[in-house]
Amino acid sequence: MTTYMTPSADTIGTRTSAIKLHGPEAFEGMHKAGKLAAEILDALVPFVQPGVTTGQIDDIVRQMTLDGGAVPATLGYRGYAHSCCVSLNNVICHGIPGDKVIRDGDILNIDVTPLLDGWHGDTSRMYLAGDVPIKARRLVEVTYECLMLGIEQAKPGNYLGDIGHAIQTHAEKHRYGVVRDFCGHGLGRVFHDAPEVVHVGRPGTGPELRPGMIFTIEPMINGGKPGVRMLDDGWTAVTRDRTLSAQFEHSIGITESGCDIFTLSPAGLNQPPYGKDA
C-alpha cells in the first residue's frame, strides 16, 4: 500500500518510505536548483571533445557549481569523491571521473546534482564527441525520446507504471534493452527519496501520481540486452554484453494539470547534437 505525506519542517529533509507531497516553496526551490544544473550541462558543451579527460570535466562541474552558490551533492556522498558522474560508451551510470581521455566517436553521459539552498537539482544529458557513428547516435536519440514519452505520462491520476510502460514500449520497439537495476527516485531536500521510479511497467500499476510529488525520470537504455555488470570500484555499472548505453534525466514535479520540468536547458540544449557536433 502506498503512503503519502505532506512534509513538515521536521520531515522534509528526512528520507521516508512515504511519498512526499510538496508545496509551492519546494517547487520554487527545485526550479532554482534545476536551472543551475541545466546551466552547468549547457556550459559543458564546448568542453566535451576528443582529448579532454573526464577528470577535467569534473573540475569544471565542481567550479561552476560553487560559482553558482551551490555544492556538488555527489561530493562525499557515500564516499564518492567527485562532483559529477561521467559515463562513456558501455558505462550505464556512475562512471568515475579521472584520467580517462574522451576519444573521437565516444558517446557519454554527464550527471550533475548541485545542492542549492537545500534543494537538489538532479539531471543528466548525453554528449557526442567528434564523429559519432550513426548507430550510436540513434541509441542516444531513442533514449531521449524514451525520457520525454515517460514525462508525457507524468500527470495527476496516472501511475508510475504508466511512465515505465511508455519508456519500455518505445525502447523495446527499437530492440533496445531497458536497465532494471537502477531507477529514478524521489527528490527535494533529500537526494534519494521515495518513490522508486522504475523505467519498465504496466499501465495503471504502482503508486498514483498526485500533485506535489517530485522525482526524477532517468531511463538507461542499452543497445543490446538490459543486463548490468558492476566493476570492482563499487560504483561503475557497465553493460554485461558490452554494448553501448545511453541515459537522459530530468527532475520533475507533478502539478494539478501535468508536470513541471525543473531541469530544462535554458539554452534549448536538451538533446544532441548541440550545434558543434551536428
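Residues numbered from 1 in each chain as written. Predicted model: local features only at pLDDT ≥ 70, side-chain atom pairs only at ≥ 80, totals over all residues. Heavy atoms only, no water.

A. Spatial organisation of the overall build of the protein. The secondary structure content of the protein amounts to 4 helices and 19 strands. Its C-alpha atoms give the protein a radius of gyration of 17 Å, near enough to 19 Å, the size a compact globule of 278 residues would have. Within the protein, the proportion of its 278 residues that are buried is 55%. Taking the intrachain contacts of the protein between residues at least 6 apart in sequence as the baseline, contacts between residues at least 24 apart amount to 70%. (Helix = DSSP H or I, 4+ residues; strand = E, 2+ residues; numbered from the N terminus. Rg over C-alpha atoms; globule rule 2.2 N^0.38 Å. Buried < 20%, exposed > 50% of the residue type's maximum accessible area, 1.4 Å probe, protein only. Contact = heavy atoms within 4.5 Å.)

B. Main features of the sheet that holds strand E3 (residues 71-72). Strand order in the open sheet made by the 3 strands is E3-E7-E8, with antiparallel pairing throughout. Sheet topology places E3 and strand E8 (119-120) at the edges, where each strand pairs with a single neighbour. Looking at chain direction, strand E7 (residues 114-116) and E8 are connected through 2 bridges and run antiparallel. When the sheet's bridge partners are listed, Leu116 is paired in E8 with Trp119. (Pairing = 2+ DSSP bridges.)

C. Region of the structure containing the pattern of salt bridges. Summed over all chains, the structure comprises 9 salt bridges. A salt bridge links Arg62 to Asp58; the nearest nitrogen and oxygen atoms lie 3.2 Å apart. You can see Arg62 and its partner Asp58 sitting in helix H2 (residues 54-67), 4 residues apart, about one turn around the helix. Residue classification places Asp58 among the buried positions, given a relative accessible area of 3%. (Salt bridge = Lys/Arg side-chain N within 4 Å of Asp/Glu carboxyl O.)

D. Region of interest: the packing of aromatic side chains. Under the counting rule described, the total for this entry stands at 5 aromatic pairs. Ring centres of Tyr80 and Trp235 lie 5.0 Å apart, and the angle between their planes is 70°; this geometry places the pair in the edge-to-face category. Linking Tyr80 in the loop between E3 and strand E4 (85-88) with Trp235 in the loop between strand E15 (228-230) and strand E16 (237-239), this pair joins segments that are 155 residues apart in sequence. Look at Tyr144 and Phe248: their rings are 5.2 Å apart centre to centre, the planes differ by 75°, and that puts the pair in the edge-to-face class. With Tyr144 in helix H3 (residues 134-152) and Phe248 in the loop between strand E17 (245-247) and strand E18 (250-254), the pair connects residues that are 104 residues apart, well separated along the chain. An identical accessibility class is assigned to Tyr144 and Phe248; each is buried. Above the ring of Tyr4, the side-chain terminus of Arg210 is found at 3.8 Å from the ring centroid. (Phe/Tyr/Trp six-rings, centres within 6.5 Å; stacked < 30°, edge-to-face > 60°. Lys NZ or Arg CZ within 6 Å of the ring centre and 35° of its normal.)

E. Quick look at the pairing of E4. Across the two faces of E4 the burial is the same, with Cys85 and Ser87 and Val86 and Leu88 all buried. The pairing of E4 with strand E6 (residues 107-112) spans 4 bridges and is antiparallel. When the sheet's bridge partners are listed, Cys85 is paired in E6 with Asp111.

F. Region of the structure containing the packing of H3 against helix H4 (residues 160-173). Between H3 and H4, the shortest axis-to-axis distance is 8 Å and the interhelical angle comes to 155°. Classified by the interaxial angle, the pair formed by H3 and H4 is roughly antiparallel. Relative to H4, H3 is oriented so that their crossing is right-handed. In contact with Val142, Glu145, Cys146, Leu149 and Gly150 of H3, H4 contributes Ile163, Ala166, Ile167, His170 and Ala171. Its residues assigned to classes, the contact of H3 with H4 comprises 7 nonpolar, 2 polar and 1 charged. (Axes fitted to C-alpha atoms, helices over the stretch in contact; angles between N-to-C directions. Parallel < 35°, antiparallel > 145°, perpendicular 65-115°, else oblique. Left-handed = near helix turned anticlockwise from the far one by under 90°. Nonpolar A, V, L, I, M, F, W, Y, C, P; charged D, E, K, R; others polar.)

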